[in-house]
Amino acid sequence: MAKLPEHLTPELWLSQVFGSNEAMRGGIVKRQVRDVERLVGRAVFAREVKRRGFQAVENGRHFVIFCNDNPIRMVR
């Protein structure tokens, strides 16, 4: 596994994800599960999603984060 840059802290990574233009507009962001686990851990990630009033789902190797509190409906 590649070594992380020294400047990349869990706090900085979270602020970059949730401070992105898409997140700030209430959109959707996607991150790989392995990156979340390696950089911040599942528990911290889940806590931050909840704290912000967002929702996230895991599908395959990705987390899909809905940066709003709109209902999520399965289409199929």
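To keep things clear, this report deals only with the structure shown in the data block. Every value quoted in this text rests on a predicted model; they were computed, and no experiment measured them.

Here we take up the pattern of salt bridges. Evaluation of the coordinates by the stated rule reveals seven salt bridges. The closest approach of N and O atoms between Arg34 and Asp35, which form a salt bridge, is 3.8 Å. The exposure class of Arg34 is exposed, given its relative accessible area of 58%. Residue Asp35 pairs with Arg38 through a salt bridge whose shortest N-O separation is 3.1 Å. Here the residue Asp35 and the residue Arg38 both occupy positions in helix H3 (residues 33–39), the gap between them amounting to three residues, near one helical turn. Arg38 sits in the partly exposed class, given a relative accessible area of 32%.

Criteria and thresholds
Within any chain, residue numbers begin from 1 and follow the written order of that chain's sequence. Residue-level local features of this predicted model are given only where pLDDT is at least 70; pairs of side-chain atoms are given and counted only at 80 or more, and the full residue set underlies all totals for whole chains, interfaces and linings. No hydrogens and no water enter the side-chain calculation; it runs on all heavy atoms of the structure. A side-chain nitrogen of Lys or Arg and a carboxyl oxygen of Asp or Glu constitute a salt bridge if their distance falls within 4 Å. Only protein chains enter the accessibility calculation, which uses a 1.4 Å probe; a residue is then buried when its area is under 20% of its type maximum, exposed when over 50%, and partly exposed in between. Runs of E in the DSSP output that reach at least two residues are strands. Runs of H or I that reach at least four are helices, and both are numbered from the N terminus.

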